[in-house]
Amino acid sequence: MTATFGKQFTVTIFGESHGVGIGVVIDGIPAGTELDLEEIAVEMKRRAPGQNVFSTPRKEDDIPEILSGYFNGRTTGTPLTALIRNTNTKSKDYSSLKSVMRPGQADYPGHKRYDGFQDYRGSGHFSGRITAALVFAGAIAKQILAEKGITIGAHVASVKDIMDDALDFQTVTPELLKSFQKQELPLLNQELALPIEHLVRQAKADGDSVGGTIECMAIGLPAGIGNPFFDSIESVLAHLLFSVPAVKGVEFGTGFQIAQLYGSQANDAYYYDQAQEVKTKSNHNGGITGGISNGMPIQFKVAVKAPASISQKQETINIDSQENADLEVVGRHDPIIVPRAIPVIEAVTAIGILDLLLTR
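First, a word on scope: everything that follows refers to the structure included in this document. (Residues numbered from 1 in each chain as written. Predicted model: local features only at pLDDT ≥ 70, side-chain atom pairs only at ≥ 80, totals over all residues. Heavy atoms only, no water.)

To continue, consider the sheet that holds strand β4 (residues 65-68). Read across the sheet, five strands follow the order β1-β2-β3-β7-β4 without closing on themselves; strand pairing throughout is antiparallel. On the outer flanks of this sheet lie β1 (4-5) and β4, each paired with one strand and no other. With two bridges connecting them, β1 and strand β2 (residues 10-15) associate as antiparallel partners. Across the sheet, the residue bridging to Thr 4 is Thr 12, located in β2. Of the strands in this sheet, β2, β3 (21-27), β4 and β7 (80-85) are in contact with helix α3 (residues 131-147), which crosses β3 at around 30°. (Pairing = 2+ DSSP bridges. Helix = DSSP H or I, 4+ residues; strand = E, 2+ residues; numbered from the N terminus. Contact = heavy atoms within 4.5 Å. Axes fitted to C-alpha atoms, helices over the stretch in contact; angles between N-to-C directions.)

Turning next to the side chain of His 155. In this fold, His 155 is placed in strand β8 (residues 151-159). Separated by 2.9 Å, the side chains of His 155 and Asp 164 make a polar contact. Apart from residues lying up to four places away in sequence, His 155 is in contact with Asp 164, Asp 165, Leu 167, Phe 180, Pro 186, Leu 188, Thr 213, Ile 214, Glu 215 and Ile 342. (Polar contact = N/O pair within 3.5 Å; in protein donor to acceptor, adjacent residues only side chain to side chain.)

It is the contact of helix α1 (residues 37-47) with helix α8 (residues 338-358), at a shortest axis distance of 7 Å, that shows an interaxial angle of 135°. What the angle tells us is that α1 and α8 run oblique. Facing α1, whose interface residues are Glu 43, Arg 46 and Arg 47, α8 presents Arg 340, Ile 342, Pro 343, Val 344 and Glu 346. For the contact of α1 with α8, the class distribution of residues is three nonpolar, no polar and five charged. (Parallel < 35°, antiparallel > 145°, perpendicular 65-115°, else oblique. Nonpolar A, V, L, I, M, F, W, Y, C, P; charged D, E, K, R; others polar.)

Strand order in the open sheet formed by five strands is β9-β8-β10-β16-β11, with antiparallel pairing between adjacent strands. Because the sheet does not close on itself, it has two edges, and the strands there are β9 (162-163) and β11 (247-252). Here strand β10 (residues 212-219) runs beside strand β16 (residues 298-304); their pairing, made up of seven bridges, is antiparallel. Within β16, the residue paired with Gly 212 across the bridge is Val 304. On the sheet, α8 packs against β8, β10, β11 and β16 and is oriented at approximately 145° with respect to β8.

On to the pattern of salt bridges, then. All told, the structure shown has 13 salt bridges when counted by the stated rule. Glu 197 serves as the salt-bridge partner of Arg 201, at 3.0 Å between the closest nitrogen and oxygen. With Arg 201 and Glu 197 both in helix α5 (residues 193-205), this residue pair falls four residues apart, about one helical turn. Exposure remark for Glu 197: the relative accessible area of 23% places this residue in the partly exposed category. Between Asp 334 and Arg 340 there is a salt bridge; the shortest N-O distance is 2.9 Å. With respect to class, Asp 334 is no different from Arg 340; both count as buried. Put simply, Glu 43, Arg 46, Lys 142 and Glu 346 are held in one network by salt bridges that share partners. (Salt bridge = Lys/Arg side-chain N within 4 Å of Asp/Glu carboxyl O. Buried < 20%, exposed > 50% of the residue type's maximum accessible area, 1.4 Å probe, protein only.)

See the structure below:
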């Protein structure tokens, strides 16, 4: 197993959902970098549980303790380590799950992968709780990118069959992307907030859960970043995006619908604007051609499945008795992951883009 990503800006995550805590070691932060700890706290709160109808009632403050690599308000250039302690665990809720495998969760493949030695409490190292460490690292990456004029933001593109408006690559602004940070349910069309809340409440009342999609955009990235083939922007970001639990699909630009277009339609025609800057008239390729940024907004969507832990009775297996079994999951779980996943998607995008910039 490897828990490290990156070449120059490296991120190593550790911990389990119901252990002492979770955390991250970040290497490659330039010495003397000033960190806005209040801004980091805002990012952490966006992902933290127990805040509204959209999240698990488990309460965690998610306050990171910086243990190394930070002195007198600036980074030292050595590895920065942060610990986020678990303070509200109820491990007894998971006692039966040592042998009864939850459908849609990593219980069975994790048991096989680690020969039964994995921490099964709250999904252990497989838990979405570990993404708090990614948000911390991403918050730092976002601050470094902001100094370079690069802004990243994401919103709810859909919840089940309720669709939000799409970001317009021609009119998007840093202010718009930053405004999502202040919204409990980041949407372009805020009139959809109530119908989405009703949908989530109904699913929760039915002992069920719902999924959706997230649209993310990075603007201000200059042309010429990335590489062909194995270290393309798409391959680096897809690697990170698929590392986020519950992400089951990624598409850049027009995505799968680009297969329906003629080449004359799919090609993003270049032109010089009034400032003699190179632009494209469309963004079907999501700001990336040949694996390299073309100066237009990096634009993509991810599909996030409905949370697997639901209270409805499900068919499964008992690996101790080697018999079929029924399961009704108890405990505290999210009825939807999409809103809390948004800062995580922004974070891994920032991590990937910053690493590409530093390895250019």
